[in-house]
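Results of the structural survey
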Amino acid sequence: MTTNPRPYTHALNRLKEAGLRPTRQRLALARLLFDNGHRHITAEQLHSEAMSQNIKVSLATVYNTLHQFTEAALLNEIVIDSGRSYFDTNTAPHYHFYCEEDGMLSDIPADAVQLARVPNMPRGTELASVDLVFRLRRQSARNAA
């Protein structure tokens, strides 16, 4: 007979593997983030989800936890502009489409984009990563034809 793991087992293991102490709040937020596949979420959206599930956590704690998860390589932060960041549970190499009208962020597989040439890096530096966001806007009916 197989036993079902506890509902928090996946989130607990992710935190432990990342070297983060599984506090009650971290565990609750990790479950919201990681238990249902890859997603893009803002701190405000995660806070709203937490509140709707009666998880008592401040917005400041949500921000701090998201940044701790990012530092521990559990998330990637996608900065859209100075006032808007998304946190991505998919940490594999990939790029993004961002729709300016509705704020929707969606993944582009890494192999769907080819960088023809990368500039020489300044002396004493090396390439750490490439963040590429294609900003989209919906075509008007007149321009779509």
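Calculation rules
Residues numbered from 1 in each chain as written. Predicted model: local features only at pLDDT ≥ 70, side-chain atom pairs only at ≥ 80, totals over all residues. Heavy atoms only, no water. UniProt positions renumbered as here; feature names shortened; annotations may be inferred. Helix = DSSP H or I, 4+ residues; strand = E, 2+ residues; numbered from the N terminus. Contact = heavy atoms within 4.5 Å. Phe/Tyr/Trp six-rings, centres within 6.5 Å; stacked < 30°, edge-to-face > 60°. Buried < 20%, exposed > 50% of the residue type's maximum accessible area, 1.4 Å probe, protein only. Lys NZ or Arg CZ within 6 Å of the ring centre and 35° of its normal. Pairing = 2+ DSSP bridges.

Let us look at the UniProt feature "binding site: Zn(2+)" (unreviewed entry) in the chain. This chain's UniProt record puts "binding site: Zn(2+)" (unreviewed entry) on C99. You can see C99 is positioned in strand β4 (residues 94-99). Look past the residues within four positions of C99 in its chain and what remains in contact with it is M104, L136 and R138.

Okay, the packing of aromatic side chains next. Enumeration according to the criterion identifies three aromatic pairs in this entry. Plain terms: the ring middles of F34 and F69 are 6.1 Å apart, the flat faces sit at 35° to each other, and that makes the pair tilted. One end of the pair, F34, is in helix α2 (residues 24-34); the other, F69, is in helix α4 (residues 59-71), with 35 residues separating them in the sequence. The class for F34 is buried, based on a relative accessible area of 6%. On the accessibility criterion, F69 (0% relative accessible area) is buried. Between Y86 and Y98, the aromatic rings sit 6.2 Å apart at their centres with planes inclined by 65°, giving edge-to-face as the arrangement. Linking Y86 in strand β3 (residues 84-88) with Y98 in strand β4, this pair joins segments that are 12 residues apart in sequence. The pair Y86 / Y98 is uniform in exposure class, with both members buried. A cation over an aromatic ring shows up here: R14 above the ring of F34, its NZ or CZ 4.2 Å from the ring centre.

If you trace the three strands from one edge of the open sheet to the other, you get β1-β3-β2, paired in antiparallel fashion. Strands at the two margins of the open sheet, each flanked by one partner only, are β1 (40-41) and β2 (76-81). With two bridges connecting them, β1 and β3 associate as antiparallel partners. By the bridge assignment, H40 is partnered in β3 with D88.

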